[in-house]
Amino acid sequence: MNKYYTLSRHDWEKSLANLINQFVIYAPVYYGEQQDYELIGESDIPHIVYNRPKPATPLKTFFLPVEENVMSTKAPPKQRIIMGVPSCDLAAANIQDEMYLNRDFADPVYKRNRDASILVGTDCHTIEEHCHCTTYGIKPYPEFNHDLTLSLMDETIYLYTHSEKGNSLIQAMEKFTHFHEPTENEIQALLDKRKEVEELLNHNNQGLPDYRKTGELVQHSGREIWKKYSQTCVSCGACATICPTCTCFLLMERPGFEKVRHLDACQYPGFEKVAAGEDPLRPLHKRFYNRYMCKYVWKPQKFDSIACTGCGRCIEACIGSINKNELFLELANT
Amino acid sequence: MNNHNIYKPIKAKVLEVIEESPTIKTFVLKPENHFTFHTGQFVELVVDGVGEAPFTPSSSPLVKDRIDITVMRTGYLTQRLHQLKGGETVGIRGPYGRGYPLEKLYDREVLVLGGGCGFAPLRSLLYNLQAEQERIKKVTFCYGSKNPRECIYEPYIEELRSIPKFEVMRTVDEADESWTEEVGVATVLLDKIDVHIDDSVAVVVGPPIMMKFSVQKLLEMGYPETSIYLSMEKNMSCGLGKCGHCMMGEYFVCKDGPVFRYDEIKDKPDIWK
Ligand code: SF4
Ligand code: SF4
Ligand code: SF4
Ligand code: FES
């Protein structure tokens, strides 16, 4: 079932133009200093970027938009293809699925959004300063949760199918394009690139404690370090909103018994405040600490999935310039 | 259940509004659809277009055609609820969570300790125990309130006092001349109770500070941690173990609780806040 298919970049772009009629396509486009997902029209096709790490928006936003009415569960008319999904974000789908699709209560809107998506994963051929997926056991190339892998090397597109949905997409494309099989050398070049990037990540993050060790360090830390690192936190919640593994939300009522699910974050004041007034997370450093206990201690105790993929987005997003990895290194070295 | 939207409430008609105290009202609801719950489980009560909040029903789980929800006025939503006169339509979602462990109470002496509006969820338990009284040895109900005016469910207290297996003791922080029972915080009642601790299970519901001192006292008296059950109050939104608001350590209070055995939660952060 898993199989490689190749075609020239030119043919690929032509077939994408055809796919636009059948699917809604999102792909990363580069602008300013970063890349992010855009809805792709024909004129955008040449601007799609390949094999670059992490779009600014995490994949979860497709399944859990910032705000969504949860009363309407109608399926969209077209399936959507989401291209350029990095491995870290695919890994983050594990914890999201555990939270939102669990047996007792499956979220029908999350499920609808998830089912309507065809995920095209990508190998990262470069890395960014704060990428540290391998520290937490995630490879810089997709291993699960996707339908198809796509890489561009030397103006050739390499596709590798991972699921029935992936196969169907290939079949859909076969109607207007012709695939080749890659040579062994080509495959080897792809695998060599994977290894090179993995080694680069390991090298860059030397000394950073792994996921389990981080949990131990966080759990047994004193209060002082959290006070110190949270000094510049302004409770903006960006670290959680941008985080592919953060899952929290708030339900809001709309007239007519409509209900809207709004992304929320434990970094906002009042997140745990009860009507009678008690608020366990009132002190800033407790809110700050809560996020790390959630990610590295509580979630792994409760779920089979990890709750930080090492994508580094929270570090980049923090207007208080707080770098969790500096904090962990300090914890590890004292 | 497959096609059911977990967020969708069922509609319920407000049959009656009962004023229990200056700050507490009971709403008698008639759900449009079949609705049952286990005592101690909670529901999300929806005021259309305004909001929703979790409440543990105060009626007997054995009564199937209506549910009572007793609400203290504390914030915006409860204020809006208190404006209802009867006849309106509200929404309910649920029931959610783990209720009182009835099977652990059978064949034991049950000590029920309530403070303030904590009597509301406990009334549901007491109704349930009353209906199943042949299965329990006895019930000692200790109730503490701020002042006599805030003592709720007076008629029900009288009813309980007439049942041989039930003993009821009450205290208020500030008495007035009409008050003939104890004075002081809820824990003072524990000095007066007559239970065989080895054969007893305690259930405590009330404001955090009351629960904290009650647990301390129960432990001093010799109750094992595993014989004390608490219903925890946390900020909640979904009630489904998803939104994260009610996290207490790795627990989601809405799903893993709200009723916990003390030993399960004693090491979790800020349980009394
Ligand atoms: S870190 Fe905070 S916002 Fe993120 S999932 Fe945990 S509790 Fe929710
Ligand atoms: S905590 Fe930071 S590094 Fe970890 S998954 Fe979230 S945004 Fe990425
Ligand atoms: S992004 Fe930075 S400043 Fe904003 S809440 Fe997170 S830690 Fe605080
Ligand atoms: S109330 Fe949403 S997780 Fe408990």
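Throughout, a residue's number is its position along its own chain's written sequence, starting from 1. Here the convention is simple: chains get letters from A, ligands get numbers from 1, in the order in which they are written. The predicted nature of this model means local features are confined to residues of pLDDT at least 70 and side-chain atom pairs, given and counted, to a pLDDT of 80 or more, with totals for whole chains, interfaces and linings taken over all residues. For side-chain calculations, the full set of non-hydrogen atoms in the structure is used, while hydrogens and water are omitted.

Description of the overall build of chain A
Working step 1: Under the DSSP-based scheme used, a helix requires at least four consecutive residues in state H or I and a strand at least two consecutive residues in state E, with every element numbered from the N terminus. Within chain A one finds 12 helices and 10 strands.
Working step 2: For this measure, only C-alpha atoms enter the radius of gyration; the expected value for a globule follows 2.2 Å times N^0.38, where N is the number of residues. For chain A, the C-alpha radius of gyration of 21 Å lies close to 20 Å, the compact-globule estimate for 334 residues.
Working step 3: Taking the principal axes of its C-alpha atoms as reference, chain A extends roughly 65 × 55 × 40 Å.
Working step 4: Across the 334 residues of chain A, 57% fall into the buried class.
Working step 5: In what follows, a contact means two residues having at least one pair of non-hydrogen atoms within 4.5 Å. Partitioning the contacts of chain A with sequence separation of at least 6, the portion at a separation of at least 24 is 75%.
Working step 6: A total accessible area of about 14,700 Å² is found for chain A, and carbon and sulfur atoms account for 50% of it.
Working step 7: Here the positive residues are Lys and Arg and the negative ones are Asp and Glu; neither His nor the chain ends is included. By convention, the charge on Lys lies at NZ, on Arg at CZ, on Asp at CG and on Glu at CD. A gap of 7 Å separates the mean positions of the 37 positive and 44 negative side-chain charges of chain A. Burial status follows relative accessibility: with a 1.4 Å probe on protein chains alone, a residue under 20% of its type maximum counts as buried, one over 50% as exposed, and anything between as partly exposed. Residue exposure ignores everything except the shown protein chains as possible cover, and the areas themselves are Shrake-Rupley values with a 1.4 Å probe.

Section: the domain arrangement of chain B
All names here are of chain B.
Working step 1: Examined at the domain level, chain B breaks down into domain 1 (10–95) and domain 2 (102–231).
Working step 2: Placing a centre on the C-alpha atoms of domain 1 and another on those of domain 2 gives a separation of 24 Å.
Working step 3: Contacts between the two partners involve 20 residues from domain 1, matched on the other side by 15 residues from domain 2.
Working step 4: Of all residues in domain 1, Glu20, Thr39 and Ser58 bury the most surface against domain 2, accounting for 31% of the area lost on that side.
Working step 5: Asp68 is the salt-bridge partner of Arg123, the closest N and O atoms lying 3.2 Å from each other.
Working step 6: Pairs of N or O atoms are called polar contacts if they sit within 3.5 Å, as long as, within protein, a hydrogen donor faces a hydrogen acceptor (for residues adjacent in sequence, only side-chain-to-side-chain pairs). Linking domain 1 with domain 2 are nine residue pairs in polar contact (both at pLDDT 80 or more).
Working step 7: Elements with a minimum of two residues in the side of domain 1 that touches domain 2: strand 2 (24–31) and strand 5 (67–72).
Working step 8: It is strand 5 that provides the largest number of residues to the side of domain 1 that touches domain 2, a total of three residues. Bear in mind that the domain bounds are from an automatic or database domain assignment. Each of two parts loses accessible area, computed with a 1.4 Å probe, when they are put together; buried area is these two losses added. Note on definitions: salt bridges are taken to be side-chain nitrogens of Lys or Arg within 4 Å of carboxyl oxygens of Asp or Glu.

Side note on the sheet that holds strand 10 (residues 258–263) of chain A
All names here are of chain A.
Working step 1: Should DSSP find at least two bridges between two strands, the strands are regarded as paired. Spatially, the three strands line up as an open sheet ordered 4-10-9, and their pairing is antiparallel. Of all strands in the sheet, those bounded by a partner on one side alone are strand 4 (67–69) and strand 9 (249–254). Each neighbouring strand pair of the sheet contributes to a mean axis angle of 25°, computed without reference to strand direction.
Working step 2: Bridging between strand 9 and strand 10 involves six bridges; their strand directions are antiparallel. In the sheet register, Glu253 faces strand 10, and the bridge partner there is Lys259.
Working step 3: The sheet contacts of helix 4 (residues 108–115) involve strand 4 and strand 10, and relative to strand 4 the element is tilted by about 105°. In this description, a line fitted to the C-alpha atoms serves as the axis of each element, helices being fitted only across the stretch in contact, and the angle between N-to-C directions of two axes falls anywhere from 0 to 180 degrees.

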